[in-house]
There are 2 protein chains.
Amino acid sequence: METWDAIRTRRNVRSFDDRPVRDEHLDRIVAAAALAPSSMNEQRWAFVVCRDRERLTELARVGAYTDHVAGAAVAIAFLTPKADDVAERESIAFDLGQAVENAMLAAWELGIGSCHGSVYDEPRIRGLLDYPLEMTCDLVVSFGYPEDPASLAPPGSRGGRRAVGELRHEERFGG
Amino acid sequence: METWDAIRTRRNVRSFDDRPVRDEHLDRIVAAAALAPSSMNEQRWAFVVCRDRERLTELARVGAYTDHVAGAAVAIAFLTPKADDVAERESIAFDLGQAVENAMLAAWELGIGSCHGSVYDEPRIRGLLDYPLEMTCDLVVSFGYPEDPASLAPPGSRGGRRAVGELRHEERFGG
């Protein structure tokens, strides 16, 4: 799939069928995340790949909008270092956004849908994943084959997106 | 270009030749950013596209590592809303990371390189771009055709990247 087509057609998928994700496909999805650019090449991230059904069911309870995780073939929990400095936290979050977008696009090319899940109960996911005190986890992403194959077709509408012309300026704001 | 190949081979390019970026290619790069997923579909971003050489020269002075902007064919300044809440700032930064990665991958497929430039002097870039008080700008990204076409070839090394096996865990941290 051409890169532009992946970018243009990808959308979040919340319902998955029962097929597991092949190991080599999962390897590519994780590698895509790891290949993202990062500030000073610091790669401030780690990936916990979860496929055990009981664990996925537990992971679905870490947020208010994370039900989709229970039915995913795979969930990846994205761990980052804790930081006190606000600018550093923003920098870590920005880099993680690049990594997650890479993983989602790589999955989409393989016919695999994905959906973000924000962590609201960090102590709960820490208990499940048992990561070190100096790390934290704000995000779990579900992956799997869409229950409705039509989900893979290009969206028929802009999906509530603002027109590019509203967001784009030339040379200066308002230009 | 297949999506995986774009993800796998993309790297930052800091030196550009003199060719302008075609309008339709620039349209695609900006659209790619606008098509990124965002929390609650909030699309908390705006894009200021700069091609004027004097402006690019001025923009190159907003950071300590932004010299590359002076020689770019195009720079896009990414504007986001100001926020006091730290979690909201992280969320805005995460979404922006997804948008920037989309733009850089879409460019790469077109043979166009790109490089991040962190803004250190926000009042200076505000003066140049004249955006509203409630917005801010932390990032300018350069785009252009690589001065050295070999830059577009797949990197011969991991470029200082950690091995995926170091970053990946199964079911739980350390697993």
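One can find the structure itself at the top, above this paragraph.
As the structure is a computational prediction, the values presented were derived from the model and not from experiment. (Residues numbered from 1 in each chain as written. Chains lettered and ligands numbered in written order. Predicted model: local features only at pLDDT ≥ 70, side-chain atom pairs only at ≥ 80, totals over all residues. Heavy atoms only, no water.)

K.L.:
Which residues make up the packing of helix 2 (residues 23-34) of chain A against helix 4 (residues 86-109) of chain A, and what values do they have?
P.N.:
All names here are of chain A. At their nearest, the axes of helix 2 and helix 4 sit 7 Å apart, and the two run at 150° to each other. On the basis of their axis angle, the class for helix 2 and helix 4 is roughly antiparallel. As for the relative orientation of helix 2 and helix 4, their crossing is right-handed in sense. Contacts between helix 2 and helix 4 involve Arg-28, Ile-29, Ala-32 and Ala-33 on the former and, on the latter, Ala-99, Asn-102, Ala-103, Ala-106, Ala-107 and Glu-109. Looking at the contact of helix 2 with helix 4 residue by residue, the classes come out as 7 nonpolar, 1 polar and 2 charged. (Axes fitted to C-alpha atoms, helices over the stretch in contact; angles between N-to-C directions. Helix = DSSP H or I, 4+ residues; strand = E, 2+ residues; numbered from the N terminus. Parallel < 35°, antiparallel > 145°, perpendicular 65-115°, else oblique. Left-handed = near helix turned anticlockwise from the far one by under 90°. Contact = heavy atoms within 4.5 Å. Nonpolar A, V, L, I, M, F, W, Y, C, P; charged D, E, K, R; others polar.)

K.L.:
Could you give an account of the interface of chain A and chain B, with specific residues and numbers?
P.N.:
Every contact between the two is made by 65 residues of chain A and, on the other side, 65 residues of chain B. For the pair chain A and chain B, the summed buried surface comes to about 6000 Å²; carbon and sulfur atoms form 54% of the total. A per-residue breakdown of the area chain A buries against chain B is headed by Trp-4, Arg-161 and Glu-171 of chain A, which together make up 13% of the total. Here Glu-90 of chain B and Arg-89 of chain A are joined by a salt bridge, their closest N and O atoms 3.1 Å apart. Taken together, the links from chain A to chain B amount to 48 residue pairs in polar contact (both at pLDDT 80 or more). (Buried area = accessible area lost by both parts, 1.4 Å probe. Salt bridge = Lys/Arg side-chain N within 4 Å of Asp/Glu carboxyl O. Polar contact = N/O pair within 3.5 Å; in protein donor to acceptor, adjacent residues only side chain to side chain.)

K.L.:
Describe the relation of the copies chain A and chain B, naming the residues involved and giving the relevant values.
P.N.:
Rotating chain A by 180° and moving it 0.0 Å along the rotation axis overlays it on chain B with an RMSD of 0.0 Å. With respect to symmetry, the two chain copies, as superposed, fit the operation of a two-fold axis. When the interface residues of chain A are mapped onto chain B, 100% of them again lie at the interface, so the same face is used by both copies. (Least-squares fit on C-alpha atoms with pLDDT ≥ 70 in both.)

K.L.:
Pulling in residues and values, what's your account of unusual backbone geometry?
P.N.:
With a phi close to 50°, Gln-43 of chain A is a non-glycine residue in the positive phi region. For Gln-43 of chain A, the position within the fold is in the loop between helix 2 and strand 1 (46-50). Classification of Gln-43 of chain A as buried rests on a relative accessible area of 2%. In this structure, Asp-130 of chain B takes a positive phi of about 60° despite not being glycine. Following the sequence through the fold, Asp-130 of chain B ends up in the loop between helix 5 (122-129) and strand 4 (135-144). (Buried < 20%, exposed > 50% of the residue type's maximum accessible area, 1.4 Å probe, protein only.)

K.L.:
Tell me about the pairing of strand 2 (residues 74-81) of chain B, and please be specific about residues and values.
P.N.:
Residues and elements named next belong to chain B. The buried count for strand 2 comes to 7 of 8 residues, which makes it a mostly enclosed element. As judged from the 5 bridges shared by strand 1 (residues 46-50) and strand 2, these two strands associate in the antiparallel manner. For Val-48, the partnering residue across the bridge sits in strand 2 and is Ala-77. Sheet topology note: the strand 2/strand 4 ladder contains 8 bridges and is antiparallel. Across the sheet, Ala-77 pairs through a bridge with Val-140, a residue of strand 4. (Pairing = 2+ DSSP bridges.)

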